[in-house]
Structure formats: C-alpha cells, structure tokens
Amino acid sequence: MPKELIRLVDCTMAFDGEIVLNAINLTIHDKEFLTLLGPSGCGKTTTLRLIGGFETPTSGGIFFDGARINDVPPHKRRVNTVFQKYALFPHLNVFENVAFGLRIAKIPDGGGKKSRLPEGEIEERVQGALELVGLKGYHRRRVHQLSGGQQQRVAIARAIVNRPQVLLLDEPLGALDLKLRKEMQHELKEIQRQVGITFVYVTHDQEEALTMSDTVVVMNHGNIQQIGTPVDIYNEPVNAFVADFIGESNIIQGVMHKDYSVSFAGRLFECVDSGFDPNQPVDVVVRPEDVRMTPPDGGQLRGTVNSVTFKGVFYEIFIDVGEIEWMVHSTSAPKIGDEVGLLLTPEDIHVMDRPDLFPEGAEALTLEDVDPEPEFEDGGGDGEDGEEA
Amino acid sequence: MKHSRVPGRVLQGFIAVFLYAPILVLIVFSFNATKSRVKFEGFTLDWYAKLFEDRQVLSALYLTLVLAVLSALAATVIGTVSAIGLHNMKRRPRKALLALNNIPVVNPDIITGVSLMLVFLLCVSFLRSLGLRAGLGFTTLLLAHVTFNIPYVILSVMPKLRQLSRNTYEAALDLGANPFQAYRRVILPEIMPGVVSGAIIAFTMSIDDFLISYFTTGTSVQTLPMVIYAMTRKRISPEINALSTLMFLTVLVLLIVINILQSRDQKEKERRFRAVS
Ligand SMILES: Nc1ncnc2c1ncn2[C@@H]1O[C@H](COP(=O)(O)OP(=O)(O)OP(=O)(O)O)[C@@H](O)[C@H]1O
Ligand SMILES: [Mg+2]
C-alpha cells in the first residue's frame, strides 16, 4: 500500500446542533482513487468540504501528511476542488480561468524571496492542462459559450493545472447525459493515471463508483457503512444497506439457526457464515444473478413467475414465493405464470447483522418476534403505523 | 371579450403630457430670442452663451461636479464594502440592517437635510469651543452627499452579490487566493456592473439634490440647483431655462447609461442561464 496522505479521525460535523457527519474515520492513501458513495444528503459534500478546508469539524482531527490541518485555511492546502456546480469565473475566458491559480501562485526563487511564475510557463501549463481534458483550441472562449460537459472539463483543468497532491471532485459528472458520462469516466481515470495524484471522488451512482475507484467508501446518514475495494464491497457487503445500495439484491429477513445454518423463507439453508448468536435475527442477502431457476421440483424454493423484463444482456424476472417476491437475473426467459424452482448454493447466501434491530444493550429478538411481518417489522416499534387503515 | 384600448391610450397620453410638457416648454423657451415667457419669438443660442459667461454659474457648475464626483466615489467605496459585509452576515441581522438602509431612501429630503444640519452645527460649535475655525461649507456639503448616497450604492450592489454562487468565492480560495485576492480578482469583477451603476446613481443624485444641500452648506458655497433657485428669486431670465435644460439633459443621459448597463447585465444573465441549462 502506498503511503498514507490524509486521515480523518473521529470527525464530527454538526450544523446548528444537527449532526451531519458522525465521528467518521477515513484514511486516504497517496495516488489512490477513493470514492465517497451514498444517497443524497448523506454527507458526501460535507466530507469533501472538510478536506478542502471550507468547513471546520465540530470535533475530531484532519491530518495531511501527518500534520493536523483543522485550522489551515483553504488557500494554504495542497488540495484543489472541482465543485458540484463547476463554479467557473464567468468574467474570465477559458484560458484565464485555468491560469487563475498559476497567476496567484508564488514560487521561491534563489534568493529566498518569492516571485510570480513567468508568463511563458503559465502559457505552457495552461495549454497542457487544456489538452489533457480535450479542450485544445478553446482557450479564447467565454465560459458561457461552452456546453455543460465542456465547462466541467474547464473546471477539471483549472484544478489540475496547479498540480495539487489531492484533487477533490464533487459529482463532477452529475449534470452530463449517460453517454458523455461514460466517456468522461474513462477520461477522468486516464487523467488520474497521467498526472498520478490522489482523487477523492463523490458520487451517488454506484456503477460509477465501482468502475472508477480503487477504494469505495459507502456512506449513509453521516456514517461510514463500509470501506473496501469495489470487488469487496460488491461481494462482501457488511450490511443490507450496502448490499442494496451497491447493485440490486434480494434482502430477506431471517434467523441464524446456528453456525453455517440460517432459516428464511420458511426453511433452513446451509450457508458459509458463522459467528452469530444462536437465534439471532439477521438480513439474508442474495444477488439476483446468483439465484438459479430450475424445474419446479429442482430447487429449495418454488414459486410463480410474476413478471419478465428484457434488460439487454439479461432478463429481470420477479418470482412470487409465498410472501416474498424474488428478483432473478437470467439469460433465459420463462413465461409469466410458469411454476419454477429456485436454487441457492451456500456461497450465494450472505448473512448480515441487522443494525437497526440491535440498538445497544437491547436483547436479541427471538424467532417469533420477527417472522410474522418480515417486510415491515422494525424492532422496538409498537405498530402505530398501518393499524387504523 | 376584447377590451377597448382607447381609454388606456388616452390615459397614457395624459401621463406623457403631464410629465414632459413642462420640460418641453422649458427647453423650447431656452431658445427663445426674447425674454417673453409666453410667446416664442425666434431662435437664439444667446442664453447658453450668456450662461458660460456668468461667473456665478460657472463656479457653481464646477462645485457641483467636484461634489458629485467626490461624493459618488466615496459613497461607492463605502457602499460596496458595506454591501459585502451585509452579504456575509447571518440572515436576520442582514434583513434588519437592510431595512435600516432603506429608511434614508424614503425619508423626505427636508428631514434628512435638517437633521444633518443639526448634527453639523453641533460639531461646529464643539470645534469652535476648542478654539478651531469651523463652519458649514464644502466639507459638510460633501459629508451630507456621501451620507445620502451610500444607501443607493448598497441597493445597487446587493442584487449582484446575491447572484453569485457561494462556490465562486470558495473556488478562488481553493485555487490559492487569500480572501483579499479572492475579493479583488473574482468578487469585484463579478459585481462590477452593480458597482458602476451604483456610482452613476450616486453621481446623479448628488447633481440633482437641492434640499439637503440647502440646509448643510454655508453662505458662500452654492451648488447649481441652489443658483437656479436664487436666480428665480431675483431676476427672471431665460438663462434659467438654458441652465435647467442642460441639467435635465445631463441627468437624462446618465439615466440612459444606467438603463443600458442594467439591460446588458440582464441579457448576460439570461445567456448564462441558457448556457448552463
Ligand atoms: N451549511 C449548512 N448548513 C446546514 N446544514 C447543512 C449545510 N451543509 C449541509 N447541510 C446538511 O448536511 C447534510 C449533508 O449534506 P451534504 O451536502 O454533505 O450531502 P451530500 O451527500 O453531498 O448530498 P447530495 O448527493 O445531495 O449532494 C444535509 O442534510 C444538508 O442539509
Ligand atoms: Mg453533495
């Protein structure tokens, strides 16, 4: 692993007493492509603003290269930001937007004094940055004469031309259409490889996070849910939230019978998980592409095909099995109304703690508490909702 | 059902006549060959020529222009800095201060004039008690003009500040600018149209003012409007018409410039909006 560059230690951020980031811990390494992923309002931008220096954490520390930088103002941090809404300077043309940081920068000259960059070097670096983002020849344009995608590239060029150690990008592709977004994803990766710096990237698009990142940080409600490589996050989600947010999943409530044995959907399954309390309520997560359809009597479960949707490479099939509707991805399509069997191998069954059922100190619920209303039971609630209807 | 447009047109006509007829009469009679105020008896530029020989008028013109330039400059600097300060405040104190800012704008000039005079007289008597020479004059006049001009500059700069995205300032900091550089290089150019039209409004207001100047100046220092007023008291001369015509045209030109600036700004805003969406 390359050396550690940024570390957030127990960073809490509160606005007017409302906690937006809850004691998060995060380590960012040199040259890493790290993505903060989570639903809207989960605190991604706030985390980025802490690193950029636009907010000071309510408590906790931010370290850069081992030095605490909580009180270092943004213009003294070796970090540059590509803002969610570009924030280009409309009164300057493309060239001057990109040159902005270089014109301000002071470099130490031989005699212990500081001087401005020579014009020739500014010209060269700006043109280089514009070429890198594919905007060669656009330097004389006014900012408002550019399309959204081009403005985005100017924002990226304006940041990387300063050769920061870390580039913070806040949903930089959010405003672009799907095709352009794919192209830009590729280009951004390429840019990161060429300039060889750390990218901290924010998105709420899980596919984008998986395809671009070295490390994905999944966030929800101001808490970090999981940190890992895209493969780890996809294959070994630590809880149902991550599993659901990263790709589609069947999430079924169940009970851990004993090690390597879990009960859900009305029967016992063999699994590869252990270390849970006996009779502990759990979430069982099964990826739709891991469910195999068999003839009616060939699987552990039996159900009726409810709907079939063509998705390009595969069919998305919903199958009614008692109270639970299973989502299955398959390259072959059954007919609606067909009886099918569903086969799950132990490796396909991921058993996870159910965090909201386990408030600290609460007793584990037993099988009887959980089973009757698996979809809506929330633990601790006394069922005000829905009773009158 | 379609409404007839005739009553509306007639009303518009009346309004135009009421607003512009007096000024039209003024302009026409400034070219009248005789001193008659009822009959036009031939075209002449004599009154304008006379005007430029009148030393009292010329020195008043000079004073008025110096006063307008200085007070507009000072009010623009103070007003812009205040607007930025206000903009950075929390919502509540900002709203309260902005409401306070509007009071001088709607306050009758005569009250502003009298109250400023009282304050100045107080200061003068204090300074005299220290054995210094002091009195109402150019300094008090300038202070008064700066005072009543500041709110107009604030009102003209605030909307431009509100248009800025919060990230603009932060982007400048992010790129290494310290707060002063960020204001100098990014915020100021962005709000410049508001600053310029604020300065022109202040300049116009200063030229335009009679009442406040009347109360806050001494006996020896007279602005152009005060000279016109004095002329109407003493000798009725078409020179007044000529002078008034010139003042009217100056103010008209300034208003047109402000309008052009603002509509250009509006167009720019629309263009940007289209570019983003
Ligand atoms: N300056 C602020 N004052 C008060 N609350 C704020 C402020 N900035 C952010 N918040 C709150 O903090 C929470 C997290 O905001 P943040 O902008 O970090 O979300 P996000 O994950 O970036 O969401 P999105 O994907 O929509 O951009 C939100 O509930 C937001 O309302
Ligand atoms: Mg955000």
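Only a predicted model underlies this, so the values are computations on that prediction, with no experimental measurement involved.

Reading guide: rules and limits
Residues numbered from 1 in each chain as written. Chains lettered and ligands numbered in written order. Predicted model: local features only at pLDDT ≥ 70, side-chain atom pairs only at ≥ 80, totals over all residues. Heavy atoms only, no water. Helix = DSSP H or I, 4+ residues; strand = E, 2+ residues; numbered from the N terminus. Contact = heavy atoms within 4.5 Å. Lys, Arg positive; Asp, Glu negative; His and termini not counted. Charge placed at Lys NZ, Arg CZ, Asp CG, Glu CD. 1 Å grid on protein atoms, 1.4 Å probe; cavity = no way out; pocket = protein on both sides within 12 Å on 5 of 7 lines; lining within 4 Å. Points joined across faces, edges and corners; volume = space filled by probe spheres on them. Nonpolar A, V, L, I, M, F, W, Y, C, P; charged D, E, K, R; others polar. Pairing = 2+ DSSP bridges. Axes fitted to C-alpha atoms, helices over the stretch in contact; angles between N-to-C directions. Expected span 1.5 Å × (residues − 1). Buried < 20%, exposed > 50% of the residue type's maximum accessible area, 1.4 Å probe, protein only. Arc of directions from axis to C-beta. Polar contact = N/O pair within 3.5 Å; in protein donor to acceptor, adjacent residues only side chain to side chain. Domains from an automatic or database assignment. Phe/Tyr/Trp six-rings, centres within 6.5 Å; stacked < 30°, edge-to-face > 60°. Lys NZ or Arg CZ within 6 Å of the ring centre and 35° of its normal.

*Asks:* Help me understand the overall build of chain B in this model?
*Replies:* Scanning chain B for helices and strands turns up 11 helices and zero strands. In sequence order, the secondary structure elements of chain B are arranged as α-α-α-α-α-α-α-α-α-α-α. Counting only C-alpha atoms, chain B reaches 75 × 70 × 35 Å along its principal axes. Taking the contacts inside chain B whose residues are at least 6 apart along the sequence as the reference set, 71% of them involve residues at least 24 apart. Across chain B, 29 positive and 14 negative side-chain charges occur, with their mean positions spaced 7 Å apart.

*Asks:* Even after reading the chapter, I still don't get empty space enclosed by the protein, so can you show me in this structure?
*Replies:* To locate leftover empty space, one rolls a probe as large as a water molecule over the atoms. Residue and element names in this part refer to chain A. Under the criterion given, the structure shown has one cavity of 30 Å³ or more. Considered as a void within the structure, the largest cavity measures approximately 30 Å³ in volume. Contributing to the lining of the largest cavity are Val-133, Arg-153, Ile-156, Met-184, Glu-187, Leu-188 and Ile-191. Contributions of two or more residues to the lining of the largest cavity are made by helix 4 (148–160) and helix 5 (178–195). The dominant element in the lining of the largest cavity, judged by the number of residues it contributes, is helix 5, at four residues. Its residues placed into classes, the lining of the largest cavity shows five nonpolar, no polar and two charged.

*Asks:* So what exactly am I meant to see when it comes to the sheet that holds strand 2 (residues 18–29) of chain A here?
*Replies:* To summarise the sheet geometry, strands pair through backbone hydrogen bonds and adopt either a parallel or an antiparallel arrangement. Residue and element names in this part refer to chain A. Pairing within the open sheet is antiparallel, and its four strands lie in the order 2-1-4-5. One side of each edge strand has no neighbouring strand; the edge strands of this open sheet are strand 2 and strand 5 (67–68). In this sheet, strand 4 (residues 59–64) lies alongside strand 1 (residues 4–15) in antiparallel orientation, the contact comprising five bridges. Its bridge partner lying in strand 4, Arg-7 is registered against Phe-63. Packed onto the sheet, helix 1 (residues 44–52) meets strand 1, strand 2 and strand 4 and runs at close to 120° relative to strand 1.

*Asks:* Just checking my understanding: could you explain helix 5 of chain A for this structure?
*Replies:* One turn of the α-helix equals 3.6 residues, which is why residues spaced by three or four share an orientation. Residues and elements named next belong to chain A. Between its terminal C-alpha atoms helix 5 stretches 26 Å, which fits the 26 Å expected from 18 residues at 1.5 Å a residue. Every buried residue of helix 5 is listed here: Arg-181, Met-184, Gln-185, Leu-188, Ile-191 and Gln-192. One side of helix 5 carries all its buried residues, which in axial view fall inside an arc of 130°. Of the exposed residues in helix 5, the ones pointing more than 90 degrees away from its buried face are Lys-179, His-186 and Arg-193. A distance of 3.2 Å separates the backbone nitrogen of Lys-179 from a side-chain oxygen at the start of helix 5, and that oxygen is part of Asp-177. In the segment just after helix 5, Gly-196 is the residue with positive phi, at about 60°.

*Asks:* I'm lost on the domain arrangement of chain A in this one. Help?
*Replies:* Where the parts come together, the accessible area they lose is often given as the size of the interface. According to the domain assignment, chain A consists of domain 1 (4–235) and domain 2 (249–369). The straight-line distance from the C-alpha centre of domain 1 of chain A to that of domain 2 of chain A is 40 Å.

*Asks:* What should I look at first to understand the packing of aromatic side chains in this one?
*Replies:* A ring pair, where both rings are aromatic, is described by two values, the distance of the centres and the angle of the planes. Tallying each qualifying case throughout the model produces 16 aromatic pairs over all chains. Taking 6.4 Å as the distance between ring centres and 80° as the angle between the ring planes, the aromatic pair formed by B:Phe29 and B:Phe40 counts as edge-to-face. With B:Phe29 in helix 1 (residues 6–30) and B:Phe40 in the loop between helix 1 and helix 2 (46–51), this pair connects stretches of sequence that are 11 residues apart. When its relative accessible area of 15% is taken as the criterion, B:Phe29 is described as buried. Between B:Phe210 and B:Tyr229, the aromatic rings sit 5.1 Å apart at their centres with planes inclined by 50°, giving tilted as the arrangement. Here the residue B:Phe210 occupies a position in the loop between helix 8 (179–208) and helix 9 (211–216), and B:Tyr229 occupies one in helix 10 (residues 224–233), the gap between them amounting to 19 residues. According to the relative accessible area criterion, B:Phe210 is partly exposed, its value standing at 22%. An aromatic cluster is built from B:Phe210, B:Tyr214, B:Phe215 and B:Tyr229, whose rings are joined through pairwise contacts. A:Arg158 extends its terminal NZ or CZ atom over the ring of A:Phe89, reaching a point 4.7 Å from the ring centre.

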